[in-house]
Amino acid sequence: MLVHIPNVLTAEELAHCRRALQASPWVDGRLTAGDQAAKSKNNLQIPVDSDESRELGEIVLNALARNPTFNSAVLPLRVLPPMFNRYDVGMTFGAHVDNAIRTVPGTGGMRMRADISSTLFLTDPQDYDGGELVVEDTYGMQSVKLPAGDMVVYPSSSLHRVEPITRGSRWGSFFWSQSMVKDDGLRAMLYDLDIAIIETRRQLDDDNPAVLGLVNHYHNLLRRWAEL
Ligand code: NI
């Protein structure tokens, strides 16, 4: 399931992130890639242990915490600190799959499973050419290029790539989440049910037996499927 989440960052947060990234040092992006992925990766990142990375990562994490769509679609248990990358002209990231297991920085080696990959766009599409995120979904190839401040989430198990940049520079934040529901199909059913409940609650009172029954069913499925 691939979900587009609009307006994750406010205009002020976006402007702040762009200003801070402008002043940041950038290093080779291969440092955080797995062995196969590193061979096809050609981009720049800000160092994960830098002050900028920590400060901007906090902004992104706070934005996620207040976003109902992210929480419904991802059902996050853990979120790896967000990282920041850029692709200048000629840079690209060929087809790869993200590592299944990640070490959480600053925890003395605690590991988490990467169930869901997120890309938060920090450059408006009119400011660069190329740079589409292409994800092989169960319904075929999906090409994603979103307004600055918008985000896409997709299963970390899917093969994906970033097309070469032919003009401008594409900046973004990316990170992985471990979901309470690791199976993408089950998680998608919970997301669909949540959307149906939201629509039902628009049309019926909260004490309507149909609303109560659906909400009850949602929580009982979550209780059955969630692993903490
Ligand atoms: Ni990737």
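In this text, all values refer to a predicted model and were calculated from it rather than measured experimentally.

Right, let's get into the overall build of the protein chain. Secondary structure summary: the protein chain contains six helices and 17 strands in total. Taken over C-alpha atoms, the radius of gyration comes to 18 Å for the protein chain, in line with the 17 Å a tight globule of 228 residues would show. Seen through its C-alpha atoms, the protein chain measures out along the principal axes to roughly 55 × 35 × 35 Å. A sequence separation of at least 24 residues applies to 77% of the contacts in the protein chain between residues at least 6 apart. As displayed, the protein chain offers around 11300 Å² of accessible surface, 54% of which is attributable to carbon and sulfur atoms. Counting 22 positive and 29 negative side-chain charges, the protein chain places the averaged centre of each group 5 Å from the other.

In this structure the tally under the stated criterion is three aromatic pairs. Plain terms: the ring middles of Phe174 and Trp176 are 5.7 Å apart, the flat faces sit at 90° to each other, and that makes the pair edge-to-face. For the pair Phe174 and Trp176, one class covers both residues: buried. Taking the ring centre of Trp171 as reference, the NZ or CZ of Arg18 above it sits at 4.5 Å.

Moving on to the coordination of the nickel ion. Binding of the nickel ion to the protein goes through His96 (NE2), Asp98 (OD) and His160 (NE2), at separations of 2.1 Å. When the donors of the nickel ion are listed by position in the chain, the intervening gaps give H-x1-D-x61-H.

Turning next to the sheet that holds strand β3 (residues 41-42). With antiparallel pairing, the five strands of this open sheet are ordered in space as β3-β7-β15-β12-β13. Every interior strand has two partners, whereas the edge strands, β3 and β13 (140-144), have only one. Both β3 and strand β7 (residues 92-96) contribute to a ladder of two bridges, which runs antiparallel. The residue of β7 that forms the bridge with Lys41 is Phe93.

For the rest of this paragraph, the subject is the nonpolar core. In this structure, Leu9, Leu21, Phe70, Leu122, Met151 and Val153 are the most contacted members of the largest nonpolar core, which totals 30 residues. Within the residue set of this core, elements represented by two or more residues are β1 (3-5), α1 (11-22), α3 (51-65), α4 (68-74), β10 (116-121), β14 (151-155), β17 (170-179) and α5 (184-203). Here the element with the most residues in this core is α3; it accounts for five residues. In this structure, Tyr87, Leu133, Val135 and Val152 belong to the second largest nonpolar core, which totals 14 residues.

Of all five residues making up strand β6 (residues 83-87), five are buried, and the element is well covered by its neighbours. Every second residue of β6 is oriented toward a common face, with Met83, Asn85 and Tyr87 on one face and Phe84 and Arg86 on the other, all of them buried. In terms of strand pairing, strand β4 (residues 44-45) meets β6 through two bridges, oriented antiparallel. Its bridge partner being in β6, Leu44 is matched across the sheet by Arg86. One ladder, built from five bridges, connects β6 with β17; its direction is antiparallel.

This part takes up the domain arrangement of the protein chain. For the protein chain, the domain assignment lists domain 1 (3-179) and domain 2 (184-225). Between the C-alpha centres of domain 1 and domain 2 the distance comes to 30 Å. Each side of the interface is counted separately: domain 1 has 10 residues, and domain 2 has seven residues. Both faces combined, the contact of domain 1 with domain 2 buries some 640 Å², and carbon together with sulfur accounts for 62% of it.

With that out of the way, let us pick up the environment of Ala210. Residue placement: Ala210 occurs in helix α6 (residues 209-225). When its relative accessible area of 40% is taken as the criterion, Ala210 is described as partly exposed.

Reading the values: rules and limits
Residues numbered from 1 in each chain as written. Predicted model: local features only at pLDDT ≥ 70, side-chain atom pairs only at ≥ 80, totals over all residues. Heavy atoms only, no water. Helix = DSSP H or I, 4+ residues; strand = E, 2+ residues; numbered from the N terminus. Rg over C-alpha atoms; globule rule 2.2 N^0.38 Å. Contact = heavy atoms within 4.5 Å. Areas by Shrake-Rupley, 256 points an atom, 1.4 Å probe, with all protein chains shown as cover. Lys, Arg positive; Asp, Glu negative; His and termini not counted. Charge placed at Lys NZ, Arg CZ, Asp CG, Glu CD. Phe/Tyr/Trp six-rings, centres within 6.5 Å; stacked < 30°, edge-to-face > 60°. Buried < 20%, exposed > 50% of the residue type's maximum accessible area, 1.4 Å probe, protein only. Lys NZ or Arg CZ within 6 Å of the ring centre and 35° of its normal. Donors = N, O, S within 2.8 Å, 3.2 Å for Na, K, Ca; no water. Pairing = 2+ DSSP bridges. Core = buried A, V, L, I, M, F, W, Y, C linked by side-chain atoms within 4.5 Å. Domains from an automatic or database assignment. Buried area = accessible area lost by both parts, 1.4 Å probe.

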